[in-house]
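A look at the structure
Residues per chain are reported as follows:
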There are 2 protein chains.
Amino acid sequence: MKLSETGELRLIDMIRKKFRKKAAGIVVGIGDDCAVVKSRDGHVLLSTDMMVEGVHFDLSWMTLFQLGFKLVSVNVSDVYAMGGRPDYLLLNLAAPGDFQVSAVEELFDGIAAASALYRVSVIGGDVSSSDRLMLSAAVTGHADRVVSRAGAGVGDLVYVTGSLGDAAAGLLVLKRMKRPLRPEEAGEAPVPLARDVVRTLVERHVMPKAVRPDRIAAVATSMIDISDGLLIDLSRLCAEGRVGARIYAAKIPMSEEMKRAAEVFGASALELALSGGEDYQLLFTAPKEAKVRAVRIGEITRAGLEVVDAEGRAAPVEPRGYEHFAD
Amino acid sequence: MKLSETGELRLIDMIRKKFRKKAAGIVVGIGDDCAVVKSRDGHVLLSTDMMVEGVHFDLSWMTLFQLGFKLVSVNVSDVYAMGGRPDYLLLNLAAPGDFQVSAVEELFDGIAAASALYRVSVIGGDVSSSDRLMLSAAVTGHADRVVSRAGAGVGDLVYVTGSLGDAAAGLLVLKRMKRPLRPEEAGEAPVPLARDVVRTLVERHVMPKAVRPDRIAAVATSMIDISDGLLIDLSRLCAEGRVGARIYAAKIPMSEEMKRAAEVFGASALELALSGGEDYQLLFTAPKEAKVRAVRIGEITRAGLEVVDAEGRAAPVEPRGYEHFAD
């Protein structure tokens, strides 16, 4: 059987089974946003994320600065999603020999800008030649209280930290533009949308900012960052916690910019919000009585995943979102 | 300017300069086998290494089991080269969608076998689709006494832990065979060399075993693992320590198998030992008075790199070995 028939989720299950044996000190192993190990300093978080040209990014509409920035954001987001703070970053860079040194400089400028924003230190890595650009980073972090994907209880409320679908709408804009939007760019918008709408959505896609959990980490019962889409990432939370969830379409935060772009491109705003990936907002659960500054979108149930539409009709849904290897 | 004109070493220098700012807690930053940070548990070592199809390996003559094993070995070797012990491993796997699940299983079996050998736990990672196979791992470790690349003093002796050039000779054999050598294989040797010679050399290339420093770590003044070749890795030790080195051709340990293969393939055994990469032996320096169980090959000088031939003639040499992006 091929990976394209198995899909990413079953592949990860296979890997989990193969390396299930837990050594002393492992608090959270394979399958969460970060692995967590115990140390005398508290909990050490470890995570790694790849970005492959043609899969995760397209240099025809993304600058190398933006790419470097995003690489750091997606790695830091994994640490935030466990309730932690990032400390150190290792970088892997594979690039073709005819790649310009100035382009690599731009990439590292983006990495440096994001590293400064998140106060994380780049301390090592590896470089290799390759026929196409491939990046990965490994990040370490620390946390007093670790919030894993498991832990949601029936009756807990479901929250997100901000508007969803913006990054997916930004991708629609970029696919139409077929070139990067540079921050200093002025003049006519390159698509039939107001210039600031274009800028906002494109930036959400190419330079997402990881959301710091701050006080959320103290009360959340489970948490994940939305990298592949609300429904698929919510289904992961539910699977780990052996629970279900009901969410309300009318409560899902959607920006005016995203709704406007959906209209112009003939897409469903709700669909972008439910299944669009790469928003890197935090999705978490907390007990009813907890005080939380985030947008409540639903509640945890015994089993299944359902979306209640604007008219109050509940319908079961299949998790949809980005899955590697899937056709 | 292109990366192919700059070369790997200057690229790493550029990266080092860009991320020079040291945060508190960083003991060793970019440019050594591992980064080292302080924790209450002692020193934490962090490293990462990539393996790209067509650059680091060729599946036409390497099995996926061997590849998985080697990925772990090269990462663990970086920890050993700092005098440490490995703890945890994160894996990144990018593979084409038409890759067979059974092939991925074989890859993970190799990773599991090596992880058991080195007592390191796989605790996380990332998977992605890609047009070709790309692997990377990040490893963490710990050490009481860290041995960096810097620290060799003039007059220190230079040692290696075992024979050099075996992996390079194994690669020559594989390039001639154009297929993997499976461990269970019997019958006629596929090249004009005795079967056990073929097996020994091929195994050194496809399944190198990282060398544990043990008591070396307590006395070494500087250390590196030989991944790209003796001369290039020795020149790195010298550059970091701002010293030179003189080594004696007659003292460089070479296996009978390697010398026999060099003869058959019309290659220079000394050249393979000096510039062949991927032996993953440790190269280190220690004070004259230190008791060391390893092969002494030379001494540290004020500056320059020279090789003394069998007749006692010293000649300056340029570091030769594997460099990414170089033509």
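Below is a summary of the structure that appears in this document. (Residues numbered from 1 in each chain as written. Chains lettered and ligands numbered in written order. Predicted model: local features only at pLDDT ≥ 70, side-chain atom pairs only at ≥ 80, totals over all residues. Heavy atoms only, no water.)

1. Some details on the interface of chain B and chain A
Tallying the contact residues gives 69 residues for chain B and 69 residues for chain A. Summed over both sides, the interface between chain B and chain A buries roughly 5800 Å², with carbon and sulfur atoms accounting for 66% of that surface. A per-residue breakdown of the area chain B buries against chain A is headed by B:Phe19, B:Met50 and B:Ile123, which together make up 11% of the total. Remark: the boundary between chain B and chain A carries 7 salt bridges. The residue B:Arg132 makes a salt bridge to A:Asp131 at a minimum N-O spacing of 3.3 Å. One can count 25 residue pairs in polar contact (both at pLDDT 80 or more) joining chain B with chain A. (Contact = heavy atoms within 4.5 Å. Buried area = accessible area lost by both parts, 1.4 Å probe. Salt bridge = Lys/Arg side-chain N within 4 Å of Asp/Glu carboxyl O. Polar contact = N/O pair within 3.5 Å; in protein donor to acceptor, adjacent residues only side chain to side chain.)

2. Focus on the pairing of strand β5 (residues 121-129) of chain A
Residue and element names in this part refer to chain A. For β5, the buried fraction is high: 8 of the 9 residues fall into the buried class. Here 8 bridges tie strand β4 (residues 85-95) to β5, and the two strands are oriented parallel to one another. Among the inter-strand pairings, Asn 92 is bridged to a residue of β5, identified as Asp 126. (Buried < 20%, exposed > 50% of the residue type's maximum accessible area, 1.4 Å probe, protein only. Helix = DSSP H or I, 4+ residues; strand = E, 2+ residues; numbered from the N terminus. Pairing = 2+ DSSP bridges.)

3. Section: the packing of helix α1 (residues 3-18) of chain A against helix α4 (residues 101-118) of chain B
At a minimum axis separation of 11 Å, α1(A) and α4(B) run at an interaxial angle of 25 degrees. When the axis of α1(A) is compared with that of α4(B), the two are roughly parallel. As α1(A) packs across α4(B), the resulting crossing turns out to be right-handed. Contacts between α1(A) and α4(B) pair A:Leu3, A:Thr6, A:Leu11, A:Met14, A:Ile15 and A:Lys18 from the former with B:Val101, B:Val104, B:Glu105, B:Phe108 and B:Asp109 from the latter. Its residues placed into classes, the contact of α1(A) with α4(B) shows 7 nonpolar, 1 polar and 3 charged. (Axes fitted to C-alpha atoms, helices over the stretch in contact; angles between N-to-C directions. Parallel < 35°, antiparallel > 145°, perpendicular 65-115°, else oblique. Left-handed = near helix turned anticlockwise from the far one by under 90°. Nonpolar A, V, L, I, M, F, W, Y, C, P; charged D, E, K, R; others polar.)

4. Remarks on the relation of the copies chain B and chain A
In the superposition of chain B on chain A (RMSD 0.0 Å, axial shift 0.0 Å), the rotation amounts to 180 degrees. The transformation relating the two chain copies, once decomposed into turn and shift, fits a two-fold axis. The position closest to the rotation axis in chain B is occupied by the C-alpha of B:Arg40, lying 3.0 Å away. When the interface residues of chain B are mapped onto chain A, 100% of them again fall at the interface, so both copies present the same face. (Least-squares fit on C-alpha atoms with pLDDT ≥ 70 in both.)

5. With respect to the sheet that holds strand β11 (residues 295-301) of chain A
Residue and element names in this part refer to chain A. Overall, mixed pairing links the 7 strands, which are arranged β8-β10-β7-β11-β9-β12-β13 in an open sheet. The sheet is open, and its two edges are formed by β8 (222-225) and β13 (314-316), each paired on a single side. The mean inter-strand angle of the sheet, taken between neighbouring strand axes irrespective of direction, is 25 degrees. One ladder, built from 3 bridges, connects strand β12 (residues 305-308) with β13; its direction is antiparallel. Following the sheet pairing, Val 307 is matched in β13 by Ala 315.

6. Focus on the pattern of salt bridges
Opposite charge on two side chains makes pairing possible when the charged atoms of those side chains draw close. Counting across every chain of the model gives 39 salt bridges over all chains. Between B:Lys18 and A:Glu105 there is a salt bridge, with the nearest N and O atoms lying 2.9 Å from each other. Of this pair, B:Lys18 sits in helix α2 (residues 8-18) while A:Glu105 sits in helix α3 (residues 101-118), on two different chains. Its relative accessible area of 30% is what places A:Glu105 among the partly exposed residues.

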